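Architecture and fold: a report
Take a look at the letters that make up each chain.
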Amino acid sequence: LLFVASGGDAAAVRGWQADFGAGGLTLPPRVREWLRVRVASAAVDDALTLRTMLETHQRCGYLLDPHTAVGVAAAQIAAGVEEESCAARVPTLCLGCAHPIKFLPTVAAAFGCSASRALALASGPAGHRCVEAVGQLAQQAKQGYPAAGWVPPGCCAVLRKGEAWQAEWTAAVRAKVEELSAAAAALRSRL
């Protein structure tokens, strides 16, 4: 985003990244103005996330996954709208990535129902094939992880609130970088 905001100035972006890494960042006025006009943000807490899931389902008949509900709520806040109809006045695209481990408990909390009812909601006409797939993964994951360190397919890491995951995550990222670097070196040697 900073690259685009700077008009494609890669050297400036590298400098800003270094500044940020050192604990500070000062952007030129023209870049700040570009961002101010085009970028909005909002904070969405758990209660608003759950309410957005429930209200969207009640108004539109669609079950939002929790992460998409955060995007929808943030878009409504940024637009200055308390409640939005299913057909928004300004076209807005909200994408989210439902995590199977969090999915069923969050849907159950939003709807005040059991995890099995949450899975039925995800699998019914109010769901979507991707939401249903996440619900199915969640159901499979309910049995627990098959082995220490296992994460669901498609996930790089499961970071649980309150756990000391930083060292494990750093080691996993380092291992992935080394794996990709070795694969790239092997590819280069064949060329």
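Residues numbered from 1 in each chain as written. Predicted model: local features only at pLDDT ≥ 70, side-chain atom pairs only at ≥ 80, totals over all residues. Heavy atoms only, no water.

**Concerning the side chain of T49**
Relative to the helices and strands, T49 resides in helix α4 (residues 46-60). Note on T49: relative accessible area 6%, which makes it buried. Not counting chain neighbours up to four residues away, the residues in contact with T49 comprise V44, P66, A69 and V70. (Helix = DSSP H or I, 4+ residues; strand = E, 2+ residues; numbered from the N terminus. Buried < 20%, exposed > 50% of the residue type's maximum accessible area, 1.4 Å probe, protein only. Contact = heavy atoms within 4.5 Å.)

**Thoughts on the nonpolar core**
By size, the foremost hydrophobic cluster in this structure holds 15 residues, and its most contacted members are L63, F103, V107 and F111. Taken together, the elements giving at least two residues each to this core come down to α5 (66-78), α6 (100-111) and α7 (115-123). Sorting elements by how many residues they give to this core places α6 first, with 6 residues. Excluding anything up to four places from it in sequence, V107 contacts M53, L63, C113, A118 and L121. Of all hydrophobic cores here, the second largest spans 7 residues; its members include A5, V13, W16 and V31. (Core = buried A, V, L, I, M, F, W, Y, C linked by side-chain atoms within 4.5 Å.)

**Let's talk about the side chain of T52**
Note that T52 resides in helix α4. Classification of T52 as buried rests on a relative accessible area of 5%. Ignoring anything within four residues of it in the chain, the contact list for T52 reads L64, A69, V72 and A73.

**Regarding the environment of L119**
Summarising the element assignment, L119 is placed in helix α7. Considering only alpha carbons, one finds L119 and P105, 14 residues apart in sequence, at a separation of 9.8 Å.

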